[in-house]
Amino acid sequence: MSDEQGPITGIVTPTRVEYTFTPGSASQRFLRAIAQKRLVGQQCPSCSKVYVPPRGACPRCGVPTKKEVEVSDKGTVVTFSVVRVPSQNIQLELPYVAAHIVLDGADIAFQALIQGCPADEVRMGMRVQAVWVPDDELGPTFENIRWFEPIDEPDVPYEQWKEHA
Ligand SMILES: [Zn+2]
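Residues numbered from 1 in each chain as written. Predicted model: local features only at pLDDT ≥ 70, side-chain atom pairs only at ≥ 80, totals over all residues. Heavy atoms only, no water.

A. Seen up close, the overall build of the chain. Counting its regular elements, the chain contains 1 helix and 8 strands. Counted from the first residue to the last, the chain has its helices and strands arranged as α-β-β-β-β-β-β-β-β. Against the compact-globule benchmark of 15 Å for 165 residues, the chain has a radius of gyration of 20 Å, which places it well outside the compact range. Principal axes of the C-alpha set define a box for the chain whose edges measure 70 × 40 × 35 Å. For the chain, long-range pairs separated by at least 24 residues make up 53% of all intrachain contacts whose partners lie at least 6 apart in sequence. With the model as given, the accessible surface of the chain reaches about 11,100 Å², and the carbon-plus-sulfur share is 49%. Looking at charge distribution, the chain has the averaged site of its 16 positive side-chain charges lying 10 Å from that of its 21 negative ones. (Helix = DSSP H or I, 4+ residues; strand = E, 2+ residues; numbered from the N terminus. Rg over C-alpha atoms; globule rule 2.2 N^0.38 Å. Contact = heavy atoms within 4.5 Å. Areas by Shrake-Rupley, 256 points an atom, 1.4 Å probe, with all protein chains shown as cover. Lys, Arg positive; Asp, Glu negative; His and termini not counted. Charge placed at Lys NZ, Arg CZ, Asp CG, Glu CD.)

Take a look at the structure:
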């Protein structure tokens, strides 16, 4: 057999991996609350930081966090990236923005999509608010928040969120 085309060194094939996530008690409480359009974190008894979503312990102090704190669905963009590469899982018009947002009342950022303005208008310090799915689609999932959109509030000065950047 001839080998005129050379050796095959690689192939492209679709793959799919499914996970079953078993939440701990802190995550369960968070997921039950988000099903009611409430964002509930936990506050560290030692350093007072509020974690959303909660993990049941403070990563800085190493102590359990039991006190629950409800935070706003408004927040501040602390960093972001403009996505120009299509993804099978995200059917948004390119380019779109993935941002780290610190919710009002929380001390840790989480990643979310930004819509409602051109990608080149997104900036650090910009004020945003969650856009929720319709009430009849709510469930115990972060997917209840479709994305965040800009709101008509002044940008937050760097000094107030620099530790999250
Ligand atoms: Zn702490």
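Next, the rest of the story.
B. Just the coordination of the zinc ion, in detail. Looking at the zinc ion, the protein donor atoms are C44 (SG), C47 (SG), C58 (SG) and C61 (SG), and they sit 2.3 Å from it. Each of the 4 donor atoms bound to the zinc ion contributes to angles spanning 106 to 114 degrees, and the resulting shape is tetrahedral. Expressed as a motif, the donor residue spacing for the zinc ion is C-x2-C-x10-C-x2-C. Within this pair, whereas C44 is found in the loop between strand 1 (39–43) and strand 2 (50–51), its partner C61 is found in the loop between strand 2 and strand 3 (67–71), the two being separated by 17 residues in sequence. Since its relative accessible area comes to 2%, C44 is described here as buried. (Donors = N, O, S within 2.8 Å, 3.2 Å for Na, K, Ca; no water. Tetrahedral: all angles 85-135°; square planar, octahedral: opposite > 155°, others 65-115°. Buried < 20%, exposed > 50% of the residue type's maximum accessible area, 1.4 Å probe, protein only.)

C. The pattern of salt bridges, seen in detail. Summed over the entire model, instances satisfying the criterion amount to 11 salt bridges. When the shortest N-O distance is used, the salt bridge between E159 and K162 registers 3.0 Å. K162 gets classed as partly exposed once you look at its relative accessible area, which sits at 40%. A network of salt bridges, in which partner residues are shared, links K74, D104, R127 and E153. (Salt bridge = Lys/Arg side-chain N within 4 Å of Asp/Glu carboxyl O.)

D. Molecular detail of the pairing of strand 7 (residues 127–132). The element strand 7 is extensively covered by neighbouring structure, given that 5 of its 6 residues are classed as buried. Here 3 bridges tie strand 4 (residues 74–83) to strand 7, and the two strands are oriented antiparallel to one another. In the strand pairing of strand 7, K74 is matched with Q129. Inspection of the sheet shows strand 7 paired to strand 8 (residues 145–150) by 5 bridges, in the antiparallel sense. Each bridged residue has a counterpart across the sheet, and for W132 the counterpart in strand 8 is I145. (Pairing = 2+ DSSP bridges.)

E. Expanded view of the side chain of Q43. With respect to the element layout, Q43 can be found in strand 1. A distance of 2.9 Å separates the side chain of Q43 from the backbone oxygen of S48, its partner in a polar contact. Excluding anything up to four places from it in sequence, Q43 contacts S48, K49, V50, T65, K66, K67 and V69. (Polar contact = N/O pair within 3.5 Å; in protein donor to acceptor, adjacent residues only side chain to side chain.)

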